[in-house]
Amino acid sequence: MTRTILGLATMATLLGSAAFAETTWKMATKMPVDSPEGQVFEKFAELTEEYTGGELKIAVYPNEQLGKENAVLEQLQANIVQVYAEGFGYMKKWEPALGWLAAPYAFDDYDHWRRFMNSDLVAGWFDTAAAASGVRPLGDPTLVLRGPYRVTVSNVPINSAADYEGLKIRMHENKIAIDTWDTLGTEVITLPWTEVHQSISKGIVQAVNSPIALVESMRFNEVAPYITRMDEYWQSIGFMVNDSALEALDDETRAGLMQAYEEVGAMSRELMFSVADESIERMVADGATFTEIDISPLVDKMTAYYEQMAASGELPEGFLEGIDATRVAQ
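Criteria and cut-off values
Residues numbered from 1 in each chain as written. Predicted model: local features only at pLDDT ≥ 70, side-chain atom pairs only at ≥ 80, totals over all residues. Heavy atoms only, no water. Pairing = 2+ DSSP bridges. Helix = DSSP H or I, 4+ residues; strand = E, 2+ residues; numbered from the N terminus. Axes fitted to C-alpha atoms, helices over the stretch in contact; angles between N-to-C directions. Contact = heavy atoms within 4.5 Å. Phe/Tyr/Trp six-rings, centres within 6.5 Å; stacked < 30°, edge-to-face > 60°. Buried < 20%, exposed > 50% of the residue type's maximum accessible area, 1.4 Å probe, protein only. Lys NZ or Arg CZ within 6 Å of the ring centre and 35° of its normal. 1 Å grid on protein atoms, 1.4 Å probe; cavity = no way out; pocket = protein on both sides within 12 Å on 5 of 7 lines; lining within 4 Å. Points joined across faces, edges and corners; volume = space filled by probe spheres on them. Nonpolar A, V, L, I, M, F, W, Y, C, P; charged D, E, K, R; others polar.

A. Structural detail: the sheet that holds strand S1 (residues 23-29). Read across the open sheet, the five strands follow the order S2-S1-S3-S12-S4; overall the sheet is mixed. Whereas interior strands pair on both sides, the edge strands pair on one side only; in this sheet they are strand S2 (56-61) and strand S4 (135-137). Averaged over all adjacent pairs, the angle separating strand axes in this sheet is 25 degrees, with direction ignored. Summarising the sheet, S1 and strand S3 (residues 83-86) pair through three bridges and their orientation is parallel. Across the sheet, Thr 29 pairs through a bridge with Ala 85, a residue of S3. Its contacts with the sheet place helix H2 (residues 36-51) against S1, S2, S3 and strand S12 (238-242), and it is angled at close to 165 degrees to S2. Sheet strands in contact with helix H3 (residues 69-77) are S1, S3, S4 and S12, and its direction is about 145 degrees off that of S3.

Here it is as structure tokens:
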């Protein structure tokens, strides 16, 4: 009898523990904890635990602790990692059209890009990627802002779009990026991101394109004191999530997770612009020049480029139509 009572008590304890068992997700990132993006990720983890009543916790692994892009994407597919916070362009391995989400000079402004990103066309691309990989965006794909905007950092002044002609500019190994800046008249030289500072100081290149938030931390302004806002494209930090892990959450826990995501999205926009403004002030005080130019000549060149690409069948089906459909009538 005593043994039976003890057995029942043990079972009750185990069942009670299971009822309150927490789930911990791994979140992989490239960024250090003290970076603006790192602050956003830590806040996301904090709010997720708060809004789910501790049912879901997020363990953030910064600085590529869990590996480079391809390794993390494999872990994400295998549900070893549940969230990867990086650009959605990495999902092009499962749906090539997703490589065009940050098409240079294709969108009128930030709001136009947001409407396109939330269109049925792009949702279909994400669905295709999810069917192939089991990975999809967590909610609105534009919520967590990156950048917050693009600049060219150069060792010669850029006062107009014409000054890009013949400019020796560093580019990463990406066909869309290389073709874009060939089209815009620069001399493209491909180099790793970590070699840019030295390459500018040695005269190998004259310029690099960058999110404004990274210019100061990479010390580009030390060797390239001319900073030109040119809004090449808009970017978000994709919270790529394992679909089966997301589906395994109960409705209440999933709602808390989404509340945390939406709140850090708003935080990211405020934080990124604030950080950018403060950084520009410091760099200008140290001798840098910050300029905004008329980008319409760059837009015109790229419009012709996209039309040519569409005619040759090299753009994703519906891409230009999707851009037009999400453009506010003039």
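B. Structural view of the packing of aromatic side chains. Following the criterion strictly, the structure yields 16 aromatic pairs and no others. Between Tyr 164 and Trp 181 the ring centres are 5.2 Å apart and the planes differ by 50 degrees, which places this aromatic pair in the tilted class. Linking Tyr 164 in the loop between strand S6 (150-154) and strand S7 (168-171) with Trp 181 in helix H6 (residues 175-183), this pair joins segments that are 17 residues apart in sequence. Trp 181 carries the same exposure label as Tyr 164, and that label is buried. Members of the aromatic cluster, connected to one another through ring pairs, are Trp 100, Phe 107, Phe 116, Trp 125, Tyr 305, Tyr 306 and Phe 319. Over the aromatic face of Tyr 149 sits the side chain of Arg 229, whose NZ or CZ is 3.8 Å from the ring centroid.

C. Representation of unusual backbone geometry in the model. A cis amide bond links Gly 147 to the next residue, Pro 148, at an omega of 0 degrees. With respect to the helices and strands, the residue Pro 148 is situated in the loop between strand S5 (145-146) and S6. The backbone of Asn 79 sits at a positive phi, close to 65 degrees, despite the residue not being glycine. Residue position: Asn 79 is located in the loop between H3 and S3. Its identity as a non-glycine residue notwithstanding, Asp 231 has a phi of 45 degrees, on the positive side.

D. Looking closely at the pairing of strand S9 (residues 207-211). For S9, the tally of buried residues reaches five of five residues, placing the bulk of the element in the interior. Both faces of S9 are covered, namely the face carrying Ala 207, Asn 209 and Pro 211 and the face carrying Val 208 and Ser 210. With two bridges connecting them, S7 and S9 associate as parallel partners. Bridging across to S9, Ile 169 finds its partner in Ala 207.

E. Examining the layout of surface pockets more closely. For the second largest pocket, the calculated volume is near 370 Å³. Lining the second largest pocket we find 20 residues, and of these Tyr 105, Ala 106, Phe 107, Val 299 and Arg 327 sit closest to its centre. At four residues, the largest contribution of residues to the lining of the second largest pocket is made by helix H12 (residues 296-311). Residues that form the lining of the second largest pocket fall into these classes: 12 nonpolar, one polar and seven charged.

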